[in-house]
Amino acid sequence: MMAMDEEQTQARAWFEQLRDMICAEFEAIEREAGSGAGFEYTAWDRTDPSGAPGGGGVRGVMKGQVFEKVGVNVSTVGGTFEGDFAKSIHGAGDDPSFFATGISLVAHMANPHVPAVHMNTRFLVTTKRWFGGGADLNPPLPIAEDTADFHATLKRACDAHGADYHERFKKWAEEYFYIPHRHVHRGVGGIFYDHLEGDFAANLAFTQAVGRAFLDAYPRIVRRRMAAPFTAADESQMLEWRGRYAEFNLVYDRGTLFGLKTGGNIDAILMSLPPRATWS
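Residues numbered from 1 in each chain as written. Predicted model: local features only at pLDDT ≥ 70, side-chain atom pairs only at ≥ 80, totals over all residues. Heavy atoms only, no water.

Visitor: Which residues make up helix α1 (residues 6-32), and what values do they have?
Guide: Owing to its 3.6 residues per turn, the α-helix brings residues three or four apart onto one side. Over its 27 residues, α1 runs 39 Å from end to end, which matches the ideal 39 Å to within 8%, given 1.5 Å per residue. The backbone nitrogen of E7 lies 3.2 Å from a side-chain oxygen of the residue at the head of α1, namely D5. Looking one or two places after α1, you find G34, whose phi comes out positive at around 85°. (Helix = DSSP H or I, 4+ residues; strand = E, 2+ residues; numbered from the N terminus. Expected span 1.5 Å × (residues − 1). Polar contact = N/O pair within 3.5 Å; in protein donor to acceptor, adjacent residues only side chain to side chain.)

Visitor: Describe in detail the packing of α1 against helix α4 (residues 200-225), supporting the description with residues and values.
Guide: Taken N-terminus to C-terminus, the directions of α1 and α4 make an angle of 5°; their axes are 11 Å apart at the nearest point. With respect to each other, α1 and α4 are oriented roughly parallel. Contacts from E7, Q10, W14, F15, L18, M21, I22, E25, F26, A28, I29 and E32 in α1 reach F200, L204, T207, Q208, G211, R212, F214, L215, Y218, P219, V222 and R223 in α4. (Axes fitted to C-alpha atoms, helices over the stretch in contact; angles between N-to-C directions. Parallel < 35°, antiparallel > 145°, perpendicular 65-115°, else oblique. Contact = heavy atoms within 4.5 Å.)

Visitor: Account for the side chain of T76, naming residues and giving values.
Guide: Checked against the element boundaries, T76 lands in strand β3 (residues 67-80). Accessibility expressed as a relative area gives 6% for T76, which makes it buried. (Buried < 20%, exposed > 50% of the residue type's maximum accessible area, 1.4 Å probe, protein only.)

Visitor: Explain the packing of helix α2 (residues 144-159) against α4 to me, using residue names and the numbers behind them.
Guide: At a closest axis distance of 9 Å, the pairing of α2 and α4 adopts a crossing angle of 160°. As far as their axial angle goes, α4 and α2 are roughly antiparallel. You can see that α2 and α4 cross each other, and the crossing is right-handed. Across the interface between the two elements, E145, D146, D149, F150, T153, L154, R156, A157 and C158 of α2 pack against F206, A209, A213, D216, A217, R220, I221, R224 and R225 of α4. A class-by-class count of the residues in the contact of α2 with α4 yields nine nonpolar, one polar and eight charged. (Left-handed = near helix turned anticlockwise from the far one by under 90°. Nonpolar A, V, L, I, M, F, W, Y, C, P; charged D, E, K, R; others polar.)

Visitor: Requested: an account of the packing of aromatic side chains, with residues and values cited.
Guide: The full count for this structure, using the stated rule, is 24 aromatic pairs. Where F39 meets Y41, the ring centres are 6.0 Å apart and the plane angle is 20°; that geometry is what we call stacked. On the numbers, 5.6 Å between centres and 90° between planes, the contact of Y176 with F248 is edge-to-face. With Y176 in helix α3 (residues 165-176) and F248 in helix α5 (residues 232-251), this pair connects stretches of sequence that are 72 residues apart. Grouping residues by exposure puts Y176 and F248 together as buried. The rings of W172, Y176, F177, F192, F248 and Y252 are connected pair by pair, giving a single aromatic cluster. Of note, R244 hangs over the ring of W241, and the distance from its end group to the ring centre comes to 4.8 Å. (Phe/Tyr/Trp six-rings, centres within 6.5 Å; stacked < 30°, edge-to-face > 60°. Lys NZ or Arg CZ within 6 Å of the ring centre and 35° of its normal.)

Pasting the structure below:
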């Protein structure tokens, strides 16, 4: 186990607590639908290129009646960045050592009327210390009520911590969650933030607020739509949009690149890919 200071320990504890709350809520939704599905957890260890212990994490996956596939990963890793990759990481250009802890979640739903979703928050330490993350909604068949609910819940979380947070981070999400080669956004947005440094306690509190806002908004949307009837055409639209989601994650996503470049668990890194998708 890597040695951690107080801030690193606090951040890790929160991400693991959030994981437990989210997984319990998602399993409750499955029970409400008459399914006995639950998360299966797989622990993994990482070895740093130097040969030293590099931490690890736990990959949680559930395949059920409502959640066709949902992954909730927590990881706490550290060591040194290899080669030029360090130059692309905030604060690591002159010293390639790092620490990272966080949670990453992606849900692909069985009903096309229930939006897919992504949420990730993290704490990184190089020569600097910062939080980053966000959440975004990815409906194959957008419903204005659900989009408004998701954005409003995130806005309340942002407004409690920074007057300009929601405007800044919503715009950042619109710019980041975009597929240039398709000329489309991958969903209806949310928030995205990075390099939030300075006051650790304030930034941890905001990151916790983002996690709680997700836990407030998304299960409510799922319950609202999970029993809605759908057609073969609706499912076809869902599978096509899943393909675009996969393209973004494999080509542009920072988290995917970070995991691959730091010797992360391949199954955990690629758990964001949908169980089924089509390219027509």
